[in-house]
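# Fold and contact review
Read off the chains here:
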Amino acid sequence: MCRFLGAFILTLLITTPLQAQDNAHPAWRPVQAETLLTWIKRAPEEAIIIPPEIAMGLRLAIDSGDTKRLNRAADAGALRLLRAYHGKCCGSSLRSNWHITPTISDAALRKEIADGLIADKVDLMLRANRPDHPHYRVLTTAYMSTDDAALRALLARNLARWRSLPLPERGRYLIVNAASQTLTLWEDDRPIGSWRVIVGKKGSPTPVFTAQVSGVVLNPWWEIPSSIAAEGIGAFVRRNPSAARAKGYIYSNGRYRQMPGDNNALGRMKLVMPNRFTVFLHDTSNRELFQLDGRTLSHGCVRVDRALEFAGVLLNDADWTPTMVDEAVASNVTQTVTLPKPIPLFVAYFTAEPNGKGGVRELADIYRRDR
């Protein structure tokens, strides 16, 4: 389980005989509020900063015996904690270069709280909302274990980034980490494949965003952006159209394009993943570049190593075999294969990640976003 969503609410409604009446807000009992207070006090272990007056006010409300006061204090504290768990925090310090918006509303969070109270499962409700990705757990442990101020600051930034990812509760999803220049396919909380990638240059950084991958294009045409055409391709086509056509470049209907083939800049595969940044994951004709340690070389798109292998893994759900992929590519005919179910993709930026030995490794801040 990566992130608690609607399934938990449905389970509660099925398994508990208690029901909210007339949409009335259920009252907090002192023992439930004590559970919440314990979670709020533990929040700093995950680099979640909740103002101390929240815990202090909740403590006083519990001790007062005043039901209305307890409800107000507990509701405020629970909502504050759940908002943090879902990345609804941090203001412009995160959002200025992080274009992934939390998908859960405050109204939905309030319903989570009410359902937890009705079922008397506040602890389970909070636990289920807390991020549970393996990388998040490792970074949390490292944060609690170090006294190094600089490392704690780095881990705090990256924990906040993880909390902002609206990961699916289960199933497949893709994460590109531009900082490590890797792409990972996850199934629930297990990595089932990893590939090197090339990402944007420092002057044209790959943005942080999310998209839905709905298909794979084999033997794609490259619709050349005007900014790239202006760098030299356009002049090349105009100056020497025969030589340009030999490399696959043509000018048609007011735009520059490149035909499918071995010279195509997109290689033999690209993903169908509409997004406002017009950034795509695709193959490349310059595959030797994947041997470099530093792979910040593109205009912003993400080039994938072993791209046809990667496409074959995705298309396995569409009943395509590796042989079928190879035959389709060999035909040189452009073909789009639709996935049975879209796969969420997160193009992210983590400058600290597990090192495979129980600790973490720091990555170069290639885009200077940690500042």
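Refer to the structure printed above.
Described in the following lines is the structure provided in the data block. (Residues numbered from 1 in each chain as written. Predicted model: local features only at pLDDT ≥ 70, side-chain atom pairs only at ≥ 80, totals over all residues. Heavy atoms only, no water.)

### What to know about the environment of Glu187
Spelled out, the test is: Numbering of helices and strands runs from the N terminus, with a helix taken as a DSSP run of H or I at least four residues long and a strand as a DSSP run of E at least two residues long. Relative accessible area decides the class of each residue, using a 1.4 Å probe on protein chains only: under 20% of the type maximum gives buried, over 50% gives exposed, and in between gives partly exposed. In this analysis, two residues are considered to be in contact whenever any of their non-hydrogen atoms come within 4.5 Å of each other.
Position of Glu187 among the secondary structure elements: in strand E2 (residues 182-187). Looking at Glu187, the relative accessible area reads 22%, which means it is partly exposed. Expressed as a C-alpha distance, the spacing of Glu187 and Gly171, which sit 16 residues apart in the sequence, is 5.3 Å. In this structure Glu187 touches Gly171, Arg172 and Ile192, once residues within four positions along its chain are discounted.

### So, the pattern of salt bridges
Here is the rule: When a carboxyl oxygen of Asp or Glu lies within 4 Å of a side-chain nitrogen of Lys or Arg, that pair is called a salt bridge.
Across all of its chains, the model carries 20 salt bridges by this definition. One salt bridge connects Lys88 with Asp106, and the closest N-O pair in it is separated by 3.8 Å. Of this pair, Lys88 sits in the loop between helix H4 (67-85) and helix H5 (92-95) while Asp106 is found in helix H6 (residues 106-118), placing the two residues 18 residues apart along the sequence. Residue Glu353 pairs with Arg361 through a salt bridge whose shortest N-O separation is 2.4 Å. Here Glu353 falls in the buried class, since its relative accessible area comes to 12%. Among the ionic contacts, a cluster of salt bridges with common partners joins Glu34, Arg59 and Asp63.

### Here we look at the sheet that holds strand E5 (residues 222-223)
Inclusion rule: Strand pairing is defined by DSSP finding a minimum of two bridges between the two strands.
One open sheet accounts for three strands, arranged E5-E7-E6; its pairing is antiparallel. If you trace the sheet from one side to the other, it starts and ends with E5 and strand E6 (249-252), each paired once. Here two bridges tie E5 to strand E7 (residues 255-258), and the two strands are oriented antiparallel to one another. Opposite Glu223, over in E7, you have Arg257 as the bridge partner.

### What to know about the packing of aromatic side chains
To be explicit about the condition: What counts as a ring pair is set by centres within 6.5 Å for rings of Phe, Tyr and Trp (its six-membered ring), and what kind of pair is set by the plane angle: stacked under 30 degrees, edge-to-face over 60, tilted for all other angles.
On inspection of all chains with the given rule, the structure shows eight aromatic pairs. With 4.3 Å between their ring centres and 10° between their planes, Trp162 and Phe350 make a pair best called stacked. One end of the pair, Trp162, is in helix H9 (residues 149-163); the other, Phe350, is in the loop between strand E12 (335-348) and strand E13 (352-354), and 188 residues separate them in sequence. What makes Trp162 buried here is its relative accessible area of 4%. We classify Phe350 as buried; its relative accessible area is 3%.

### With respect to the environment of Lys357
Mapped onto the fold, Lys357 is located in the loop between E13 and strand E14 (360-362). When its relative accessible area of 77% is taken as the criterion, Lys357 is described as exposed. Counting along the chain gives 95 residues from Lys357 to Asp262, while the straight-line C-alpha distance between them is 40 Å.

### Points about helix H13 (residues 322-330)
Residues separated by three or four positions in an α-helix point in the same direction, a consequence of the helix having 3.6 residues per turn. The test is simple: This arc corresponds to the set of directions leading from the helix axis out to the C-beta atoms.
For H13, the full list of buried residues reads Val325, Ala328 and Val329. Projected onto a plane normal to the axis of H13, the buried residues spread over an arc of 100° and lie on a single side. Those residues of H13 that are exposed and aimed more than 90 degrees away from the buried face are Glu327 and Ala330. Against the buried residues of H13 lie strand E4 (209-218), helix H12 (307-315) and E12.

### Here's the deal with the environment of Gly57
Assignment of secondary structure puts Gly57 in helix H3 (residues 52-64). Spatially, the C-alpha atom of Gly57 lies 9.9 Å from that of Ala76, the residues being 19 residues apart in sequence.

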